[in-house]
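Here are the chains, one letter per residue:
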Amino acid sequence: MKKSFIVASRLFIGKGKQSMLSTIDDATLMKVATAMGEEEAVKLIEFIKTVDEITDDEIANNTEIRLNIVRRILYKLYDHSLVSLRRTRDPKTGWFIFHWKLQPTQLEGFILSQKRRVLEKLDVRLEYEKNHDFYCCDTPGCKRVPFEDAVELVFNCPTCGNPLSHCENGKFVENLSAKVEQLRKELGE
Ligand SMILES: [Zn+2]
């Protein structure tokens, strides 16, 4: 059976609306973890999605991620409201204990805002590709240059010196447009 995020969302069934969460699979979850910019966020999320409320100590013990890294990742997730935090005081030591819990319903919003950001970037790129004519040489690894720059360079490649000729970007624009369309559809725009 395909491993999916359903495991974690089960904890929340009966607590309100059934969201599109049931369709969020591990790949998407991992994208979220990657967006955190922390290698070990994947491991951490993989673990906390299988439990209910848990302390940072327990996470560190169970995942073998160093406690300071566990805390750093948790605070990043907390910044995006992807985990909730409850604080209690240890009656013996008087120290605070932090109880963390994954907020799968927030993941939905996070993924949407990530998608929106990607869409904005792709849109800018698409406009740029549509509004420019590009010139290139035949040497692998050399970059294309827009027409304005090619004129300045008297149509010689700035890297290898070979002559520049017109470079077709129709296929690229087509692919880019398709991606933009797809994202718009997913975002309901
Ligand atoms: Zn070149």
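Report on the accompanying structure. (Residues numbered from 1 in each chain as written. Predicted model: local features only at pLDDT ≥ 70, side-chain atom pairs only at ≥ 80, totals over all residues. Heavy atoms only, no water.)

Our next topic: the sheet that holds strand β1 (residues 54–55). One open sheet holds the three strands; their spatial order is β1-β3-β2, and the pairing between them is antiparallel. Only two strands of the sheet have a single partner each, and these edge strands are β1 and β2 (83–89). Sheet topology places β1 next to strand β3 (residues 96–102); two bridges connect them, and they run antiparallel. Considered in β3, the bridge of T55 is made with H99. (Pairing = 2+ DSSP bridges. Helix = DSSP H or I, 4+ residues; strand = E, 2+ residues; numbered from the N terminus.)

What sets the pattern is the α-helix's 3.6 residues per turn: residues three or four places apart point alike. Helix length check: helix α8 (residues 170–186), at 17 residues, gives a terminal C-alpha distance of 24 Å against a target of 24 Å (1.5 Å per residue), a fit within 8%. Every buried residue belonging to α8 is among V173, L176, V180 and L183, and all of these are buried. For α8, the angular spread of the buried residues around the axis is 90°, confining them to a single face. Those residues of α8 that are exposed and angled more than 90 degrees off the buried face are K171 and K185. Buried positions along α8 lie against α6 (104–131). One or two positions beyond α8, positive phi appears at G188, with a value near 70°. (Expected span 1.5 Å × (residues − 1). Buried < 20%, exposed > 50% of the residue type's maximum accessible area, 1.4 Å probe, protein only. Arc of directions from axis to C-beta. Contact = heavy atoms within 4.5 Å.)

All right, on to unusual backbone geometry then. For E64, which is not glycine, the phi torsion reads 60° and is therefore positive. Locating E64 in the fold gives a position in the loop between α4 (56–63) and α5 (67–79).

As a further point, take the pattern of salt bridges. A complete count under the given rule lists ten salt bridges for this structure. With its nearest N and O atoms 3.0 Å apart, the salt bridge here joins D123 to R184. On the criterion of sequence distance, the pair formed by D123 in helix α6 and R184 in helix α8 is long-range, its members being 61 residues apart. Judged by its relative accessible area of 23%, D123 is partly exposed. Classification of R184 as partly exposed rests on a relative accessible area of 25%. (Salt bridge = Lys/Arg side-chain N within 4 Å of Asp/Glu carboxyl O.)

The contact between helix α3 (residues 41–48) and α5 brings their axes to 10 Å, and the two run at 75°. Relative to α5, the element α3 is oriented roughly perpendicular. Taken together, the residues of α5 that come into contact with α3 (itself represented by A41, L44 and I45) are V70, I73, L74 and L77. (Axes fitted to C-alpha atoms, helices over the stretch in contact; angles between N-to-C directions. Parallel < 35°, antiparallel > 145°, perpendicular 65-115°, else oblique.)

Our focus in this paragraph is the sheet that holds strand β6 (residues 165–167). If you walk across this open sheet you meet the three strands as β5-β4-β6, and the pairing is antiparallel. Looking at strand neighbours, the two that pair on one side only are β5 (145–146) and β6, the edges of this open sheet. Pairing between strand β4 (residues 134–136) and β6: three bridges, direction antiparallel. Pairing of F134 across the sheet is with C167, part of β6.

This part is about a negative patch on the surface. A cluster of acidic residues, D133, E148, D149, E152 and E168, forms a negative patch on the protein surface. Among the secondary structure elements, E148 is positioned in helix α7 (residues 147–152). By relative accessible area, E148 is classed as partly exposed at 47%. (Patch = residues over 30% accessible without salt bridge, like charges linked within 9 Å, V, L, I, M, F, W, Y side chains within 5 Å. Areas by Shrake-Rupley, 256 points an atom, 1.4 Å probe, with all protein chains shown as cover. Lys, Arg positive; Asp, Glu negative; His and termini not counted. Charge placed at Lys NZ, Arg CZ, Asp CG, Glu CD.)

Here we come to the coordination of the zinc ion. Within the protein, C137 (SG), C142 (SG), C157 (SG) and C160 (SG) serve as the donor atoms for the zinc ion, at 2.2 to 2.5 Å. Classification of the site at the zinc ion as tetrahedral follows from its four donor atoms and the range of 104 to 117° in their angles at the metal. Mapping the donors of the zinc ion onto the primary sequence yields the spacing C-x4-C-x14-C-x2-C. Of this pair, C142 sits in the loop between β4 and β5 while C160 is found in the loop between α7 and β6, placing the two residues 18 residues apart along the sequence. (Donors = N, O, S within 2.8 Å, 3.2 Å for Na, K, Ca; no water. Tetrahedral: all angles 85-135°; square planar, octahedral: opposite > 155°, others 65-115°.)

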